[in-house]
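If you want the building blocks of each chain, they are given just below.
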Amino acid sequence: MVDYRAGVVEKIDMKVGEIRTLESLRQAVVPPYVMIVPFLELPGAVELLRQDGLDEDGVHGGVFTLRAVTAGDGELRLGFRDLRGGDIVIEKRIHVTVR
């Protein structure tokens, strides 16, 4: 089970050293969203340990495992990029605080 779901969370609070999972946004594999991949950009206080795919057919998305490395706050950015041109097609920003 994931700790946070990007589709519903607006803010993430973590403690230094804590490891949490974040499920990306979800998007059905239907035109025009056939050739997209999830992306994640993190603030400096958080690092990505791993990225795993969803265990579902017909849905784009993934699960990110994050570690809080230093106190601070910022914004993480996630969504989907088009594989053909690299353009962002769906995006969300979530505020992150590490204490």
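A word on the packing of aromatic side chains
For step 1, the next point in the chain: Applying the stated criterion across every chain yields a total of 0 aromatic pairs.
For step 2, the next point in the chain: Against the face of Phe39 rests Arg81, its NZ or CZ located 4.5 Å from the ring centre.

As for the nonpolar core
Among soluble globular proteins, nonpolar side chains are generally buried collectively.
For step 1, the next point in the chain: Membership of the largest hydrophobic core comes to 21 residues, with the highest contact counts inside it found for Ile12, Leu22, Leu76, Leu78, Ile94 and Val98.
For step 2, the next point in the chain: Of the residues forming this core, the biggest block, 4 residues, is contributed by strand S10 (residues 88-98).
For step 3, the next point in the chain: Once residues lying within four places of it in the same chain are set aside, the contact partners of Ile12 are Tyr4, Leu22, Leu76, Ile94, His95, Val96 and Thr97.

Topic: the pairing of strand S8 (residues 62-68)
For step 1, the next point in the chain: Of all 7 residues that make up S8, 6 are buried, and the element is covered over most of its length.
For step 2, the next point in the chain: Across 5 bridges, the pairing between strand S3 (residues 19-23) and S8 is antiparallel. Following the sheet pairing, Ile19 is matched in S8 by Arg67.
For step 3, the next point in the chain: The pairing of strand S6 (residues 46-53) with S8 spans 7 bridges and is antiparallel. Bridge pairing in S8 links Glu47 to Arg67.

Points about the pattern of salt bridges
Any two side chains of opposite charge can pair, so long as their charged atoms come close to each other.
For step 1, the next point in the chain: Taken as a whole and assessed by the stated rule, the structure comprises 15 salt bridges.
For step 2, the next point in the chain: Note that Asp3 and Arg20 form a salt bridge whose closest N and O atoms lie 3.4 Å from each other. Linking Asp3 in the segment before strand S1 (4-5) with Arg20 in strand S3, this pair joins segments that are 17 residues apart in sequence.
For step 3, the next point in the chain: On the basis of relative accessibility, which here comes to 26%, the residue Arg20 falls in the partly exposed class.
For step 4, the next point in the chain: One salt bridge connects Glu56 with Arg26, and the closest N-O pair in it is separated by 2.6 Å. Of this pair, Glu56 sits in the loop between S6 and strand S7 (59-60) while Arg26 sits in the loop between S3 and strand S4 (27-28), and the two are 30 residues apart along the sequence.
For step 5, the next point in the chain: Judged by its relative accessible area of 36%, Glu56 is partly exposed.
For step 6, the next point in the chain: Residues joined in a network through salt bridges with shared partners are Glu41, Glu75, Arg77, Arg81, Glu91 and Arg93.

Basis of the calculations
Residues numbered from 1 in each chain as written. Predicted model: local features only at pLDDT ≥ 70, side-chain atom pairs only at ≥ 80, totals over all residues. Heavy atoms only, no water. Phe/Tyr/Trp six-rings, centres within 6.5 Å; stacked < 30°, edge-to-face > 60°. Lys NZ or Arg CZ within 6 Å of the ring centre and 35° of its normal. Core = buried A, V, L, I, M, F, W, Y, C linked by side-chain atoms within 4.5 Å. Buried < 20%, exposed > 50% of the residue type's maximum accessible area, 1.4 Å probe, protein only. Helix = DSSP H or I, 4+ residues; strand = E, 2+ residues; numbered from the N terminus. Contact = heavy atoms within 4.5 Å. Pairing = 2+ DSSP bridges. Salt bridge = Lys/Arg side-chain N within 4 Å of Asp/Glu carboxyl O.

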